[in-house]
Amino acid sequence: MSVEIDWMAFVSVFVAAFVGAVLIVGFYATGLRLLVRAGRIPVVTPAEFTDAITILSEKEIKRAEKHAAKAALKSPLSQTQKQLAFFGACVCFVLCGLAVLGGVLLIVFNH
């Protein structure tokens, strides 16, 4: 009994996975970049971990938030440009989510 590999199916799955990964990472990175340009710099407070992982102190977190606020004030963009950048960031995040949802739907409903 010999099993034959459908190479075109293999290639199509590889291309779909590669394009999907590039789209998701690209939309997410572009969304973050536009979010920063809009003056809404994301400062994420680190989670509490045990032992071996070093986390930021309260002083370091406050310093990062202060630095982000200063950077937001220095933006050369007008208020309209900032609003457009924020809208673009939201669009990018929605497209990223739709790409993930589309991939999940392909996995679930593909027969």
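Because the structure is a prediction, the values reported are computed rather than measured. (Residues numbered from 1 in each chain as written. Predicted model: local features only at pLDDT ≥ 70, side-chain atom pairs only at ≥ 80, totals over all residues. Heavy atoms only, no water.)

S.K.: How should the overall build of the protein chain be read in this particular structure?
M.R.: For the protein chain, the helix and strand inventory stands at three helices and zero strands. Listing each helix as α and each strand as β along the protein chain from the N terminus yields α-α-α. In the protein chain, which comprises 111 residues, the proportion classed as buried is 12%. Across the protein chain, the fraction of contacts at a sequence separation of at least 24, relative to all contacts at a separation of at least 6, is 71%. Carbon and sulfur atoms make up 69% of the accessible area of the protein chain, which amounts to about 9,200 Å² in all. (Helix = DSSP H or I, 4+ residues; strand = E, 2+ residues; numbered from the N terminus. Buried < 20%, exposed > 50% of the residue type's maximum accessible area, 1.4 Å probe, protein only. Contact = heavy atoms within 4.5 Å. Areas by Shrake-Rupley, 256 points an atom, 1.4 Å probe, with all protein chains shown as cover.)

S.K.: Explain the packing of aromatic side chains to me, please; I cannot follow it from the model alone.
M.R.: Counted under the stated rule, the structure contains three aromatic pairs. Both rings, one in F14 and one in F18, keep their centres 6.3 Å apart while their planes meet at 15°; by these two values the pair is stacked. Placement of both F14 and F18 in helix α1 (residues 7-37) is noted, with a separation of four residues, approximately one turn of the helix. Among the residues examined, F18 registers a relative accessible area of 53% and is labelled exposed. Note on Y28 and F93: the rings are 5.7 Å apart at their centroids and 55° apart in plane angle, and the pair reads as tilted. Linking Y28 in helix α1 with F93 in helix α3 (residues 79-109), this pair joins segments that are 65 residues apart in sequence. (Phe/Tyr/Trp six-rings, centres within 6.5 Å; stacked < 30°, edge-to-face > 60°.)

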